[in-house]
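Reading the structure
Single-letter residue listing:
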Amino acid sequence: MKKKPTNTQPRSGTACFKKIAAILKTGTYKFPDDGKYNGSGGPGRLLEDLLGVKVNNIDSPDFKDWEIKFHGGASLLTLFHKDPQPKGIIRDLVHVFGWEDDKGRISFRHTISGESPRGFYIVNEEDRIVIRNKNKDAAVPYWEHNTLFNAFSSKLRRLIVVEGEMLKNPRRVIYQKAAAYWEPDIKGFSRAITEGVFFVDFDARTQQGRGSAIRNHGTKFRIKIDDLVKVYAHHTTITADMA
């Protein structure tokens, strides 16, 4: 059952929500012709610039106390990256479970939610989250509960997601709606991982053929936008009339 929106928002929310609401009120923005906003990441970069957000790759929120994310279309929302333990497990996954791609590299690009087509499934053990394979008995990747929850909550304790659509001719974006989420729910978070609400996305391969160095793009934790309410204690809708 979905949690009901709540008005017990953090004090910092009022000013942030007003800025987001003002962007929603304007709605449509044409991309500047300076090349900065090319590609699929353009709407997110423009949103950050409209809010005065400084680009930051550290594990802390972007905008005051809030992390800002843009979401368009039906794609999954990437929340955070966190590679598993033990050390070297990504290399093991590539060489034990990987397959040859069209360039002769050994690849392990695989998304796991519930049980995957390649036999992977997620287990919530006493002190950690483990990924096992029903077809092979091999070393398994795992995350300690606290490590994984801290990776989620350190940057995403307060999250604002702005949804919109990117259009062409001329290139522009329409920011259509937004919602705020705060106070990650540790029980809901653990349950979401084991019940397949989270999608654990591995993306690693050898640089050349078998035996060459590993190129790892990081392990992503992604979610359907409608399922965010399952991992946060509170949420509310941001509307244009809040501006």
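Conventions adopted
Residues numbered from 1 in each chain as written. Predicted model: local features only at pLDDT ≥ 70, side-chain atom pairs only at ≥ 80, totals over all residues. Heavy atoms only, no water. Helix = DSSP H or I, 4+ residues; strand = E, 2+ residues; numbered from the N terminus. Contact = heavy atoms within 4.5 Å. Expected span 1.5 Å × (residues − 1). Buried < 20%, exposed > 50% of the residue type's maximum accessible area, 1.4 Å probe, protein only. Polar contact = N/O pair within 3.5 Å; in protein donor to acceptor, adjacent residues only side chain to side chain.

A closer look at the environment of Phe199
Here Phe199 lies in strand 11 (residues 198-206). The spatial distance from the C-alpha of Phe199 to the C-alpha of Gly13 is 29 Å, given a sequence separation of 186 residues. Residues contacting Phe199, with those up to four places away along its chain left out, are Leu76, Thr111, Ile112, Ser113, Lys220, Phe221, Arg222, Ile223 and Lys224.

Remarks on helix 4 (residues 145-156)
For helix 4, spanning 12 residues, the distance from its first C-alpha to its last is 16 Å, which sits close to the expected 16 Å at 1.5 Å a residue. Along helix 4, the residues that are buried comprise Leu148, Phe149, Ala151, Phe152, Ser153, Lys155 and Leu156.

Quick notes on helix 5 (residues 186-194)
Buried within helix 5 we find Gly188, Phe189, Ser190, Ala192 and Ile193. For helix 5, the elements touching its buried residues are strand 3 (77-81), strand 6 (120-124), strand 7 (128-133), helix 4 and strand 11. Measuring from the backbone nitrogen of Lys187 back to the side-chain oxygen at the start of helix 5 gives 3.1 Å, which picks out Asp185 as the cap. Looking at the residues trailing helix 5, positive phi occurs at Gly196, about 85°.

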